[in-house]
Amino acid sequence: MYWLGAENLLALTAFKNMLLLKAYSPATIKNYMNEFHQLLRLLGNRSVNSLGKEQVMDIIGEIKNIKHKVMIMAGYSAGLRVSEIVGS
């Protein structure tokens, strides 16, 4: 696993705990954890909680999969939680 800052490592752990509490399948947890970890790697030393509008738009611009890009754009613009985007 790639190095993450302490704050982002805590965010990754909290995300995994939330997925476990919601009783997601191991395959789904692995998939979601991989995607969130990729986002945290992209952020580098910046906290996931400290993103500005321009930074979010830069990240969205890097998403290649159109379905994922639309989901992120819709969720961000509407202020949705992850659970509301993925339908849990």
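Above this text is the structure in question.
The structure displayed is predicted, hence computed values, not measured ones.

Asks: What's the story with the overall build of the chain in this structure? I'm lost.
Replies: On a plain count of helices and strands, the chain comes out with five helices and zero strands. Listed N to C, the secondary structure of the chain is α-α-α-α-α in terms of helices and strands. Relative to the globule expectation of 12 Å for 88 residues, the C-alpha radius of gyration of the chain, 13 Å, shows essentially globular dimensions. Each of the three principal axes of the chain carries a C-alpha extent, and together these read 35 × 30 × 20 Å. Relative to its 88 residues, the chain shows a buried fraction of 24%. In the chain, 45% of the contacts between residues at least 6 apart in sequence involve partners at least 24 apart.

Asks: Sorry, what's going on with helix H3 (residues 53–62) here?
Replies: One turn of the α-helix equals 3.6 residues, which is why residues spaced by three or four share an orientation. Residues Val56, Ile59 and Ile60 constitute the buried set of H3. Looking down the long axis of H3, one finds its buried residues gathered within 100° of arc, a one-sided arrangement. Turned more than 90 degrees from where H3 packs its buried face, Glu54 and Asp58 sit exposed. As for H3, its buried residues are in contact with helix H2 (26–43) and helix H4 (66–78).

Asks: Help me out: how do you make sense of the side chain of asparagine 8 in this one?
Replies: Within the secondary structure, asparagine 8 sits in helix H1 (residues 6–21). For asparagine 8, a relative accessible area of 3% corresponds to the buried category. The contact partners of asparagine 8, leaving out residues within four places of it in the chain, are Leu40, Leu43, Gly44, Arg46, Ser47 and Val48.

Asks: Help me understand the packing of H1 against H2 in this model?
Replies: When two helices pack together, you describe them by how their axes are tilted relative to each other and by the distance separating the axes. Interhelical geometry of H1 versus H2 gives an angle of 165° and a closest axis separation of 10 Å. Classified by the angle their axes make, H1 and H2 are roughly antiparallel. The two elements H1 and H2 cross, and the hand of that crossing is right-handed. Counting all contacts with H1, which are made through Asn8, Ala11, Leu12, Phe15, Lys16, Leu19 and Leu20, the residues of H2 involved are Ile29, Tyr32, Met33, Phe36, His37, Leu40 and Leu43.

Definitions and limits used
- Residues numbered from 1 in each chain as written.
- Predicted model: local features only at pLDDT ≥ 70, side-chain atom pairs only at ≥ 80, totals over all residues.
- Heavy atoms only, no water.
- Helix = DSSP H or I, 4+ residues; strand = E, 2+ residues; numbered from the N terminus.
- Rg over C-alpha atoms; globule rule 2.2 N^0.38 Å.
- Buried < 20%, exposed > 50% of the residue type's maximum accessible area, 1.4 Å probe, protein only.
- Contact = heavy atoms within 4.5 Å.
- Arc of directions from axis to C-beta.
- Axes fitted to C-alpha atoms, helices over the stretch in contact; angles between N-to-C directions.
- Parallel < 35°, antiparallel > 145°, perpendicular 65-115°, else oblique.
- Left-handed = near helix turned anticlockwise from the far one by under 90°.

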